[in-house]
Structures are given as structure tokens and as C-alpha cells.
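Notes for the structure review
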Amino acid sequence: FRYVSGVGEEGYPGERTLFVTYRLEGWRMILTYEVCADEDTVAGISNHMYFNLAGCDGGEVTDQEGFVRAERISEPGADGLPAGRESCVAGTPMDLRTFGRIGAHYEAPCEQRERMGGFDHDYLLDDRTGEPAAGLYDPGAGRRLLFYADGPCIHFYIPDFGGMRYPGKGGAVYDGKCGVCFEPMYVSDCLHNGIGASPYLLAGERRVNQTVFEFSW
């Protein structure tokens, strides 16, 4: 896929050209993003896929197991916006560094999670040296997803629609906690808080990032 973002689109300087390639290799789906611009600008290209390994009508993901390879998060403030500081997850319900039941992290009291109405947080990824950045496993179906990303951060998000319900595939109904999103990205508001790598893209620079979803069962 190719998209050209014109000068000033959404307030960004320069004309930016984006290529996104989807490739299947066995049970791996590989997304490659390439972006360049003719002026100095900002670019943080990502995707926002949701997964429920129990299937489209699998209900809540709280009995599935997940992990994110990160010992720090970018902490949200009382208003839910980035506070510009990091905090360590060790010893808290925000600690997702080993595979474990997602629901257990909801059942334990946690100010950080309650402040955002659930999981809606930037996890600052550890040095992975080829290891997956995150993963998801459904014990019932036996399906496993390993997620590889080369960016500095994953936004770990589980939707909570506040009682709203949406029609889904095959007559399924999607409501709160119906999926998990691992969104590779730059840290929210990093241009101002200086946390993590910078999304600045210089004129003529070509930036390439890759995300891999690896499935097994």
C-alpha cells in the first residue's frame, strides 16, 4: 500500500510518502513500514490491531495469558494525559513481564490502571536482542501469538466501552475487554517529555520499521 500525505495534512510539515507491506511467511504476518518526507517533519507509523485468540465470539480476554517485555511505563497523570515521567512496574499489577492470566492484573487494586479505566499504557520496551516484545496465549484454544517490534514502546490497550456494545463478525457482540492491542509506537508526547527515541524525520531520510505477528498452536 502507498499513501502520500500532502503538505500541512493534519498540521504536519512536508509531503510524506508512506509504504506499508503486508507479507505472509508460514504462520507469520510481517508488516513493514517505510516513510520519507521532503521537509523535516514528524512520523510515527503504526497499527492498532486487536486480538482475541478464543475467536471472534470469544468474549472477554481476561482468562487469556499475556506478557509485555518492559520493566517501565510512561506514567499517565490524573487527567489521563502523559505526565512526563517513568515508573517501574516491578511489584505492581502493571508488571506483565512473564506470561500470566490477564484477569489477575485487573483483580488486583492498582491506581495506575484504575486511573485509565483499564490497561491503556505506554510500556517502554527492554532490550530484546531478537526476543518477542509481547505475547498472548489462550489456554482453551491452545493458540499463541508472539509479537515482535523494533520500536521503543508498545501501547498495551484493552478496550472498555463503558457498557456500550458493538455488532461484530458472525453475529458476535463486542463489549468491554473483548480484545488485546499491542501497538508499537513512540512514547506518547515524547517530543515534549523526552522519554525514549524521537519521531523526528529529517528531509530525505528513509525510515523503515517492522512488526511481526507469529502464530502457533
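To keep things clear, this report deals only with the structure shown in the data block. Treat the numbers as computed from the prediction; the structure is a model and nothing was measured.

With that settled, consider the nonpolar core. Membership of the largest hydrophobic core comes to 36 residues, with the highest contact counts inside it found for Val 68, Tyr 123, Phe 156 and Phe 182. Going through the elements one at a time, strand S2 (16-25), strand S3 (28-37), helix H1 (102-107), strand S10 (134-138), strand S11 (143-149) and strand S12 (153-157) are the ones with two or more residues in this core. Among the elements that make up this core, the one with the highest residue count is S3 (five residues). Ignoring any residue separated from it by four or fewer positions in sequence, one finds Phe 156 in contact with Val 68, Leu 96, Phe 119, Asp 120, His 121, Tyr 123, Val 180, Cys 181 and Phe 182.

As a further point, take the environment of Val 68. Mapped onto the elements, Val 68 comes out in strand S5 (residues 65-68). For Val 68, a relative accessible area of 0% gives the class buried. Between the alpha carbons of Val 68 and Leu 136 there is a distance of 9.2 Å; along the sequence they are 68 residues apart. Leave out the neighbours within four places in its chain, and Val 68 touches Leu 96, Arg 97, Tyr 123, Leu 125, Ala 133, Ala 134, Phe 156 and Phe 182.

Applying the stated rule across the entire model yields zero disulfides. Left unpaired, Cys 181 is separated from the closest cysteine sulfur, that of Cys 178, by 11 Å. For Cys 181, a relative accessible area of 0% puts it in the buried group. The thiol of Cys 190 is unpaired, and the distance to the nearest cysteine sulfur, on Cys 153, comes to 8.8 Å. Classification of Cys 190 as buried rests on a relative accessible area of 9%.

By the secondary structure assignment, Asn 193 is in helix H3 (residues 190-193). It is 7.6 Å that separates the C-alpha atoms of Asn 193 and Arg 85, two residues lying 108 residues apart in sequence. Setting aside anything within four residues of it in sequence, one finds Asn 193 in contact with Pro 82, Gly 84 and Ser 188. One polar contact links the side chain of Asn 193 to the main-chain carbonyl oxygen of Ser 188, over a distance of 3.1 Å.

Definitions and limits used
- Residues numbered from 1 in each chain as written.
- Predicted model: local features only at pLDDT ≥ 70, side-chain atom pairs only at ≥ 80, totals over all residues.
- Heavy atoms only, no water.
- Core = buried A, V, L, I, M, F, W, Y, C linked by side-chain atoms within 4.5 Å.
- Buried < 20%, exposed > 50% of the residue type's maximum accessible area, 1.4 Å probe, protein only.
- Helix = DSSP H or I, 4+ residues; strand = E, 2+ residues; numbered from the N terminus.
- Contact = heavy atoms within 4.5 Å.
- Disulfide = S-S within 2.5 Å.
- Polar contact = N/O pair within 3.5 Å; in protein donor to acceptor, adjacent residues only side chain to side chain.

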